[in-house]
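# Residue-level structural notes
Listed below, chain by chain, are the residues.
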Amino acid sequence: MDPEWNESLLRVVGRWGLVLLVLTALFVLSAIPLKITHLGEIRPVFMLMAIYYWTILRPSPWLPVAFFVIGLVLDLLAAYPLGMHALIFVLAQWVTGSQRKFLLGQSFLVIWAGFAAIALGAGALQWALFSLFNLTLFSAKLMLISAVLSVFLFPLLALPLSVVHKALADDPSSVP
Amino acid sequence: MPLKTTTVQIMPVVVLRAAPAVLILLALTLMMLHRADTLPVERLRTAMTDALTPALTAVSAPFNALVEQIDGVTTIRDLKAENIRLEEENAKLQQWYESALKLQAENQSFRELLNVKADPTLNFITARVISDAGGSFVKSVLLPVGVLDKVQKGNAVMSGHGLVGRVTEVGQRSSRVLLITDLNSRIPVLIQNTRTKAILAGKNQNLLKLERLPPDSGMTIGARIVTSGDGGQLPADLPVGTIVSTGENGVWVRPVSDIDRLSYVQVVNTDIDQALATGEITPPPKPAIYKSGK
């Protein structure tokens, strides 16, 4: 086999392996009981952080498809209306993507504020969809707390995400 | 050749550009289909949880251990105090155990005198909660036990001393528990001192609401609520909660168990056939004597 081809294959596997690792970790954080979060009642939306971060710094046409699938799996696991996480993830990705050019050169504070807007918007949408699906007006309090918690945890998560980003940036074969 | 354009080459750019819009429509369609018919979604859900359970079980244990380490760093002194408290409690429980056995024997002989058909034997299957992804809108948890462990749909689930929910979906090795706090939870109960029957409804909050109460059924704060066993799915007389408020906006009940912080739960399996065959109630195993703290 052509050694050059072999090398780039290794790079691709390594790259996607890293992405997969981060996604798996975030998925696990979204699903397992964390005693600190009072049985998941107030759980930060970890996946949203990856969506936002990668859409700005590492956009790929595959992002919406990947997060759609992850959303569906989360819906099934959490007994949510099928498609709700998927819808919110794809929408969040879309909105972030449309603001990408503006956000790219900004300071971290502005990017953080942008995430706050996305997190609150996603929370509000989830609350509205849930109320509509069950034809009952849910209390929005816990959802709001979860969104605020997500905003405060974003810088913490942005650190490992930026490590992945740097590793990928060194790779000349990565998708633009 | 470098793999610069692989993904783009495989999938035409146009198709991927349109992907978000298509996916959004697809998600909306799925939601509407789910709203129209929940059965296929439930089947899919069971298959998915069955498939993910081994991984979640493996992953959640070390995570929990880590959180517990951070959560419960206790000094030796705390452990000693806890130990003394537990030993005292154990001594008390031993006394209770003896008197319970005596009462059970007495009960048994009365039942025989009256020729009462015996209650079914209760089997307990203990399991750790492996997932609670429901967030603030869906109150359900996943357990790594299923048909293979003799869990059945409809089984009651207890934590420590009170009812926390019931099994709504069972796979081969996983099951979903709908907690009593969920908006869709309805449990037939009775008020222990007056034997008044009612329905206990979840409201997606910490307190539960008593519904379908007969008019003027004089509720008192502090009255105990237990399962009535009506409908035949849940065993009778499992403790559920106590009344904490009565007033214009209804009668509200606080659950006995701390539903916010479940870790280990017991699935209560009523083995009806066996009980009918033997007519016996087997005494529970003697409580273990705890020598150390938690």
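Residues numbered from 1 in each chain as written. Chains lettered and ligands numbered in written order. Predicted model: local features only at pLDDT ≥ 70, side-chain atom pairs only at ≥ 80, totals over all residues. Heavy atoms only, no water.

What follows deals with the overall build of chain A. Looking only at helices and strands, chain A has seven helices and zero strands in total. Each helix and strand of chain A, ordered N terminal to C terminal, gives the series α-α-α-α-α-α-α. Buried residues in chain A amount to 53% of all 176 residues. Surface exposure of chain A reaches about 8000 Å², of which carbon and sulfur atoms provide 77%. (Helix = DSSP H or I, 4+ residues; strand = E, 2+ residues; numbered from the N terminus. Buried < 20%, exposed > 50% of the residue type's maximum accessible area, 1.4 Å probe, protein only. Areas by Shrake-Rupley, 256 points an atom, 1.4 Å probe, with all protein chains shown as cover.)

Our next topic: the packing of aromatic side chains. Tallying each qualifying case throughout the model produces 10 aromatic pairs over all chains. Between F115(A) and F154(A), the ring centres sit 4.3 Å apart and the planes meet at 15°, which makes this aromatic pair stacked. Taken as a pair, F115(A) in helix α6 (residues 108-134) and F154(A) in helix α7 (residues 141-169) lie far apart in primary sequence, 39 residues in all. Overall, the relative accessible area of 0% leaves F154(A) in the buried class. Feature note: the residues Y52(A), F108(A), W112(A), F115(A) and F154(A) constitute an aromatic cluster, connected by ring pairs. The ring centre of F133(A) lies 5.6 Å from the NZ or CZ of R35(B), which sits over that ring. (Phe/Tyr/Trp six-rings, centres within 6.5 Å; stacked < 30°, edge-to-face > 60°. Lys NZ or Arg CZ within 6 Å of the ring centre and 35° of its normal.)

The subject of this paragraph is the pattern of salt bridges. The full count for this structure, using the stated rule, is seven salt bridges over all chains. Put simply, R43(A) and D132(B) hold a salt bridge, and the shortest N to O gap is 2.6 Å. Here R43(A) is found in the loop between α1 (3-31) and α2 (46-57), whereas its partner D132(B) is found in the loop between β1 (121-128) and β2 (140-143) on a different chain. The burial state of R43(A) is the same as that of D132(B); both residues are buried. E169(B) is the salt-bridge partner of R176(B), the closest N and O atoms lying 3.5 Å from each other. Each member of the pair, R176(B) as well as E169(B), carries the same accessibility label: buried. (Salt bridge = Lys/Arg side-chain N within 4 Å of Asp/Glu carboxyl O.)

These figures come from the coordinates and say nothing about function on their own.
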